[in-house]
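Descriptive analysis of the structure
Letter by letter, the chains look like this.
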Amino acid sequence: MDAVSHGAWGATLLRSRALVGWAVLTGLLPDLLPALYGIYRYRGEFFKDITNQSFANHPELTYVILYRWCHSLIPISILTGITLAFAPSWTVLAIPYYLHLLLDVPTHRGIWATRLFYPLSDAHVEGWDWWRHPWVSVGNWAVLVGVNIYFFTR
């Protein structure tokens, strides 16, 4: 799923004015961390490459490994456990992160397929790439808008 909708889903799910910024951030984090690496590593070439899609089709191995770690349940679950032990009120911010991973499972395939138990397993679902199938994004945004209309009109 696209990064913007991950942030919007995080804010929608937590529905807290005090935490909205943090909810958006943690919803974006699985994509944001690899992107920051790409920006640092490739500077302006990272954005240029995204537009012609050669990076998406043939990414550097280090980027793929970081992407898979950020899209795995294992590191976020360890971090959530540590947060639960030391700052339990902040554990709610793990929800947008987990939702990001769950939304990515049916909306990614191939090298970008979400491997939920990486590095212990390479198992994954071959979903529909949201960027190749516009109906996936349209459906996602329709549900997102519908859920928000429902909550705002209650």
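Scroll up to find the structure.
Residues numbered from 1 in each chain as written. Predicted model: local features only at pLDDT ≥ 70, side-chain atom pairs only at ≥ 80, totals over all residues. Heavy atoms only, no water.

**Structural notes on the nonpolar core**
- Counting seven residues, the largest nonpolar core consists of Cys-70, Leu-73, Ile-76, Tyr-97, Leu-101, Val-105 and Leu-116.
- At the level of elements, helix 6 (73–86) and helix 7 (94–104) are the ones that each hand at least two residues to this core.
- Contact partners of Tyr-97, with chain neighbours within four places excluded, come to Thr-26, Gly-27, Leu-29, Pro-30, Cys-70 and Ile-76. (Core = buried A, V, L, I, M, F, W, Y, C linked by side-chain atoms within 4.5 Å. Buried < 20%, exposed > 50% of the residue type's maximum accessible area, 1.4 Å probe, protein only. Helix = DSSP H or I, 4+ residues; strand = E, 2+ residues; numbered from the N terminus. Contact = heavy atoms within 4.5 Å.)

**Here's the deal with the pattern of salt bridges**
- Counted under the stated rule, the structure contains five salt bridges.
- Linking Arg-132 and Asp-129 is a salt bridge whose minimum nitrogen-to-oxygen distance equals 2.5 Å.
- The exposure class assigned to Arg-132 is exposed, which follows from its relative accessible area of 52%.
- When salt bridges with common partners are traced through the structure, they connect Arg-68, Arg-115 and Asp-122 into a single cluster. (Salt bridge = Lys/Arg side-chain N within 4 Å of Asp/Glu carboxyl O.)

**Let's talk about helix 8 (residues 134–152)**
- For helix 8, spanning 19 residues, the distance from its first C-alpha to its last is 27 Å, which sits close to the expected 27 Å at 1.5 Å a residue.
- Every buried residue belonging to helix 8 is among Val-136, Ser-137, Asn-140, Leu-144 and Asn-148, and all of these are buried. Taken down its axis, helix 8 places every buried residue within 95 degrees of arc, on the same side. Helix 8 presents Pro-134, Trp-135 and Val-138 as exposed residues on the side facing more than 90 degrees away from its buried surface.
- Where the residues of helix 8 are buried, they touch helix 1 (3–14). (Expected span 1.5 Å × (residues − 1). Arc of directions from axis to C-beta.)

**Overview of the packing of aromatic side chains**
- Per the counting criterion, the structure on display carries eight aromatic pairs.
- Both rings, one in Trp-69 and one in Tyr-118, keep their centres 5.9 Å apart while their planes meet at 85 degrees; by these two values the pair is edge-to-face. With a gap of 49 residues between them, Trp-69 in helix 5 (residues 61–70) and Tyr-118 in the loop between helix 7 and helix 8 connect regions that are remote in the sequence.
- Assessed through its relative accessible area of 37%, Trp-69 is described here as partly exposed.
- Plain terms: the ring middles of Trp-130 and Trp-131 are 5.6 Å apart, the flat faces sit at 90 degrees to each other, and that makes the pair edge-to-face.
- You can call Trp-131 partly exposed: its relative accessible area is 34%.
- Geometry around Phe-152 places Arg-15 over its ring, the cationic atom sitting 5.0 Å from the centre. (Phe/Tyr/Trp six-rings, centres within 6.5 Å; stacked < 30°, edge-to-face > 60°. Lys NZ or Arg CZ within 6 Å of the ring centre and 35° of its normal.)

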